[in-house]
Amino acid sequence: MATTADFRNGLVIEYNNDLYIITEFQHVKPGKGPAFVRTKLKNIKTGRVLDNTFTAGVNVNTARVERHQFQYIFNDDIGYHFMNNETYEQINLPQEMVPANDLLKEGQTVDILIHAEEETPLIVEMPMYVELRVTYTEPGVKGDTANNPSKPATVETGATIKVPLFIENDELIKVNTNTYEYDSRVKEK
């Protein structure tokens, strides 16, 4: 059990007989009336985001969730295969539990949320940014720089990302896994 004072980003709560993760919250204390907490809750199973308001001080059930680091190995018709970095135990998960799976490359480390009481995996959390190599993109047209133009680029995992015109084939770029947007070039060592 927890109250709204215990809310923080990443907290997993039971709400409407489902598990939700708090992605945003804001305590509001109006001049008139009781205080309340505005939240954005993401359903762990469906990924749907729900806006909800809780009265301040109300009790909510929390789920005991553990976060473990796993390494992505490969995928096949069964699902996506991961290996625990501490125990070397392997698990496979269906595609629905792996968001942004077209940005996953072999050997990449991800966090997997595991329900502690049931010992079942809930969802894969991708890192905020991944570094991927551009395998194909059209050459940029010189002088076409009005309105921040972009062009499609295919990266090593097969995903297509919009990149600025100056990006060339075989460059390493940083991609946001939530928005699928180009972030920056990566300097190679």
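As a convention, each chain's residues are numbered from 1 in the sequence order in which they are written. For a predicted model such as this one, the threshold for reporting local features is a pLDDT of at least 70, and the threshold for listing and counting side-chain atom pairs is 80 or more; totals across whole chains, interfaces and linings nevertheless cover every residue. Where side-chain values are given, they derive from all heavy atoms of the structure, hydrogens and water being excluded.

Some words on the overall build of the protein chain
Part 1 of the argument: Of regular secondary structure, the protein chain possesses zero helices and 16 strands.
Part 2 of the argument: Computed over the C-alpha atoms, the radius of gyration of the protein chain is 21 Å, more than 25% above the 16 Å expected from 2.2 N^0.38 for a compact globule of 189 residues.
Part 3 of the argument: Seen through its C-alpha atoms, the protein chain measures out along the principal axes to roughly 60 × 50 × 30 Å.
Part 4 of the argument: Within the protein chain, the fraction of its 189 residues that count as buried is 36%.
Part 5 of the argument: For this analysis, residues touch if any pair of their heavy atoms sits within 4.5 Å. Pairs at least 24 apart in sequence give 44% of the contacts found in the protein chain among residues at least 6 apart.
Part 6 of the argument: Here the Shrake-Rupley method, with its probe set to 1.4 Å, supplies the accessible areas, and only the displayed protein chains count as covering residues. Roughly 11700 Å² of accessible area belongs to the protein chain as shown, and the carbon and sulfur atoms make up 46% of that amount. A run of DSSP states H or I qualifies as a helix once it reaches four residues; a run of E qualifies as a strand once it reaches two. Both are numbered from the N-terminal end. Between the two quantities, the radius of gyration covers C-alpha atoms and the globule rule is 2.2 Å times the number of residues to the power 0.38. Relative accessibility decides the category of a residue: with a 1.4 Å probe and only protein chains considered, values under 20% of the type maximum give buried, values over 50% give exposed, and everything between is partly exposed.

Some words on the nonpolar core
Part 1 of the argument: Each nonpolar core is a collection of buried residues, namely Ala, Val, Leu, Ile, Met, Phe, Trp, Tyr and Cys, held together in the definition by side-chain atoms within 4.5 Å. In terms of nonpolar packing, the biggest core is built from 28 residues, with Phe82, Leu93, Leu103, Leu104, Val110, Ile112 and Ile173 touching the most fellow members.
Part 2 of the argument: Counting only elements with at least two residues in this core, the list comes to strand S7 (65–75), strand S8 (80–84), strand S9 (90–93), strand S10 (109–115), strand S12 (129–137), strand S13 (150–155), strand S14 (160–164) and strand S15 (172–176).
Part 3 of the argument: Counting residues in each nonpolar core, the second largest holds 10 residues, with Leu11, Ile13, Val37 and Phe54 among its members.

Regarding the pattern of salt bridges
Part 1 of the argument: Salt bridges are identified by distance alone: a Lys or Arg side-chain nitrogen within 4 Å of an Asp or Glu carboxyl oxygen. Counting across every chain of the model gives eight salt bridges.
Part 2 of the argument: Among the salt bridges present, the one from Lys40 reaches Asp51, with a minimum N-O distance of 3.4 Å. Linking Lys40 in strand S4 (residues 36–43) with Asp51 in strand S5 (residues 49–55), this pair joins segments that are 11 residues apart in sequence.
Part 3 of the argument: On the accessibility criterion, Asp51 (55% relative accessible area) is exposed.

So, the sheet that holds S4
Part 1 of the argument: Reading across from one edge, S1-S6-S2-S3-S4-S5 is the order of the six strands in this open sheet, with antiparallel pairing throughout. At either margin of the open sheet sits one strand with a lone partner, and together these are strand S1 (2–3) and S5.
Part 2 of the argument: For two strands to pair, DSSP has to find at least two bridges joining them. As paired strands, S4 and S5 are joined by seven bridges and run antiparallel to one another. Its bridge partner lying in S5, Arg38 is registered against Thr53.

Structural notes on the pairing of S7
Part 1 of the argument: Summarising the sheet, S7 and S10 pair through seven bridges and their orientation is antiparallel. Residue pairing in the sheet places Gln71 in a bridge with Thr109 of S10.
Part 2 of the argument: Sheet analysis places S7 next to S8, joined by five bridges and oriented antiparallel. When the sheet's bridge partners are listed, Tyr72 is paired in S8 with Phe82.
Part 3 of the argument: Between S7 and S8, which pair antiparallel and follow one another directly, the connecting turn spans four residues, one of which, Gly79, has a positive phi of 155 degrees.

Some remarks on the sheet that holds S13
Strand pairing in a sheet relies on backbone hydrogen bonds. The paired strands run either parallel or antiparallel.
Part 1 of the argument: Spatially, the five strands line up as an open sheet ordered S14-S13-S12-S15-S16, and their pairing is antiparallel. On the outer flanks of this sheet lie S14 and strand S16 (182–185), each paired with one strand and no other. On average, each strand axis in the sheet is inclined to that of its neighbour by 50 degrees, with strand direction left out of account.
Part 2 of the argument: Bridge analysis of S13 against S14 gives five bridges, and the strand direction is antiparallel. Only the stretch in contact is used when fitting a helix axis, every axis being a line fitted to C-alpha atoms; angles between N-to-C directions are given from 0 to 180 degrees.

Observations concerning the layout of surface pockets
Part 1 of the argument: A pocket, in this scheme, is an open set of points on a 1 Å grid over the protein atoms alone with protein on both sides within 12 Å along at least 5 of 7 lines, while a cavity is a set where a 1.4 Å probe fits but cannot get out; residues line either one if an atom lies within 4 Å of a point. Grid points are joined across faces, edges and corners, and a volume is the space filled by probe spheres set on the points. One number sums up the size of the largest pocket: a volume of about 440 Å³.
Part 2 of the argument: Only strand S3 (18–28), S4 and strand S11 (120–125) provide two or more residues apiece to the lining of the largest pocket.
Part 3 of the argument: Grouping the amino acids of the lining of the largest pocket by side-chain chemistry returns 11 nonpolar, six polar and two charged.
Part 4 of the argument: As for the second largest pocket, its lining consists of Glu66, His68, Phe70, Asn84, Glu86, Thr87, Glu89, Ile91, Ile114, Ala116, Glu119 and Pro121.
Part 5 of the argument: Broken down by element, the lining of the second largest pocket gets its largest block of residues, three residues, from S7.
Part 6 of the argument: Residues of the lining of the second largest pocket, tallied by class, amount to five nonpolar, three polar and four charged. The residue classification treats Ala, Val, Leu, Ile, Met, Phe, Trp, Tyr, Cys and Pro as nonpolar and Asp, Glu, Lys and Arg as charged. All others, Gly included, are polar.

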